[in-house]
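Chain by chain, the residues run as shown.
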Amino acid sequence: MQNTDVILKKQEELNIKYKKLVEQAYNFRQTDSALSDISEYKAIKLLNKLNRLKFLAREQYQSIA
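Here's what I pulled together on the structure shown here. Think of each chain on its own: its residues are numbered from 1, step by step along the sequence as written. In keeping with the model being predicted, local features are shown solely for residues with a pLDDT of at least 70 and side-chain atom pairs are shown and tallied solely at 80 or more, while totals for entire chains, interfaces and linings include all residues. Hydrogens are left out, water is left out, and the side-chain values use all remaining heavy atoms of the structure.

A separate point is the nonpolar core. Nonpolar core, defined: a set of buried Ala, Val, Leu, Ile, Met, Phe, Trp, Tyr and Cys residues in which side-chain atoms within 4.5 Å join the residues together. Accessibility here uses a 1.4 Å probe with only protein chains present; expressed as a share of the type maximum, an area under 20% marks a residue as buried, one over 50% as exposed, and anything in between as partly exposed. Grouped together as the largest cluster of nonpolar side chains are 8 residues: Ile7, Leu14, Leu21, Ala43, Leu46, Leu50, Leu53 and Ala57. Numbering of helices and strands runs from the N terminus, with a helix taken as a DSSP run of H or I at least four residues long and a strand as a DSSP run of E at least two residues long. Contributions of two or more residues to this core are made by α1 (2-28) and α2 (33-64). It is α2 that provides the largest number of residues to this core, a total of 5 residues. Whether two residues are in contact is decided by their heavy atoms, any of which lying within 4.5 Å being enough. Setting aside residues no more than four positions away along its own chain, Leu50 makes contact with Gln11, Leu14, Asn15 and Tyr18.

Here you go:
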């Protein structure tokens, strides 16, 4: 159960960062396209990490059941 809790906590932290980066990219879209692209790239990288954590959490739940 300990590993699952750690994974879920990390998912929550990354999800908050992801939402901030997406909002930042949206806000920069009209004023500075370079900063918008950088924020969007970072958000995509975080989304990739989130998807990997979701996969790990799913494996943890399946091994418990």
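Okay, back to it.
So, about the pattern of salt bridges. For side chains of opposite charge, pairing can occur when their charged atoms come near one another. For this analysis, a salt bridge means a side-chain nitrogen from Lys or Arg found within 4 Å of a carboxyl oxygen belonging to Asp or Glu. Applying the stated criterion to the full structure yields 2 salt bridges. Put simply, Lys9 and Glu13 hold a salt bridge, and the shortest N to O gap is 3.7 Å. Of this pair, Lys9 and Glu13 both sit in helix α1, 4 residues apart, roughly one helical turn. Overall, the relative accessible area of 37% leaves Glu13 in the partly exposed class. A salt bridge links Glu40 to Arg29; its shortest N-O distance comes to 3.9 Å. One end of the pair, Glu40, is in helix α2; the other, Arg29, is in the loop between α1 and α2, with 11 residues separating them in the sequence. Glu40 sits in the partly exposed class, given a relative accessible area of 34%. With a relative accessible area of 45%, Arg29 lands in the partly exposed category.

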